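Structural description and commentary
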Amino acid sequence: MTVQQDAPTGGAGGAGESLEVWIDQDLCTGDGICVQYAPEVFELDIDGLAYVKSADDELLQEVGATTPVPLPLLQDVVDSAKECPGDCIHVRRVSDGVEVFGPDAE
């Protein structure tokens, strides 16, 4: 079982609020900073771009694919979004789709 399956998600603005993350591959520069911060959530593919991974550790290559953000990895995912040179990592609330971390965060 992976960390994503074991861990509850949490969010900005309320305890237990579920968050999800996705990557805009059109903006990805392939630096791999996200993989360094949170290898449980992100992975570089053979094309040199970063993708999110499912709870089963499967690479999600569909455009706009999302994966839950486990609470223990929240800070690592947020740091990935902040440090990403391509500004391509988006973290949003599941409940309303509002981006809470990333280039379009309110």
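Up top is the structure.
Okay, so let's go over this structure. (Residues numbered from 1 in each chain as written. Predicted model: local features only at pLDDT ≥ 70, side-chain atom pairs only at ≥ 80, totals over all residues. Heavy atoms only, no water.)

Another point: helix α3 (residues 74-83). Every buried residue of α3 is accounted for by Leu74, Val77, Val78, Ser80 and Ala81. An end-on view of α3 places all buried positions within 155° of arc, on one side of the element. For α3, the secondary structure elements touched by its buried residues are β1 (19-23), α2 (33-37), β2 (42-44), β6 (89-93) and β7 (99-101). (Buried < 20%, exposed > 50% of the residue type's maximum accessible area, 1.4 Å probe, protein only. Helix = DSSP H or I, 4+ residues; strand = E, 2+ residues; numbered from the N terminus. Arc of directions from axis to C-beta. Contact = heavy atoms within 4.5 Å.)

A few words now on the sheet that holds strand β3 (residues 50-53). Taken in spatial order, the three strands make up an open sheet running β2-β3-β4, and their pairing is antiparallel. Of all strands in the sheet, those bounded by a partner on one side alone are β2 and β4 (59-60). Relative to β3, β2 runs antiparallel, the two being bridged by three bridges. Looking across to β3, one finds that Leu44 is bridged to Ala50. (Pairing = 2+ DSSP bridges.)

To continue, consider the pattern of salt bridges. By the definition in use, this model includes five salt bridges. Residue Arg92 pairs with Glu20 through a salt bridge whose shortest N-O separation is 2.7 Å. With Arg92 in strand β6 and Glu20 in strand β1, this residue pair connects regions lying 72 residues apart in the sequence. The class for Arg92 is partly exposed, based on a relative accessible area of 23%. (Salt bridge = Lys/Arg side-chain N within 4 Å of Asp/Glu carboxyl O.)

Let's shift gears to the sheet that holds β7. Overall, antiparallel pairing links the four strands, which are arranged β5-β1-β6-β7 in an open sheet. The open sheet has two edge strands with one neighbour each: β5 (66-68) and β7. Averaged over all adjacent pairs, the angle separating strand axes in this sheet is 40°, with direction ignored. As paired strands, β1 and β6 are joined by five bridges and run antiparallel to one another. Across the sheet, the residue bridging to Trp22 is His90, located in β6. (Axes fitted to C-alpha atoms, helices over the stretch in contact; angles between N-to-C directions.)

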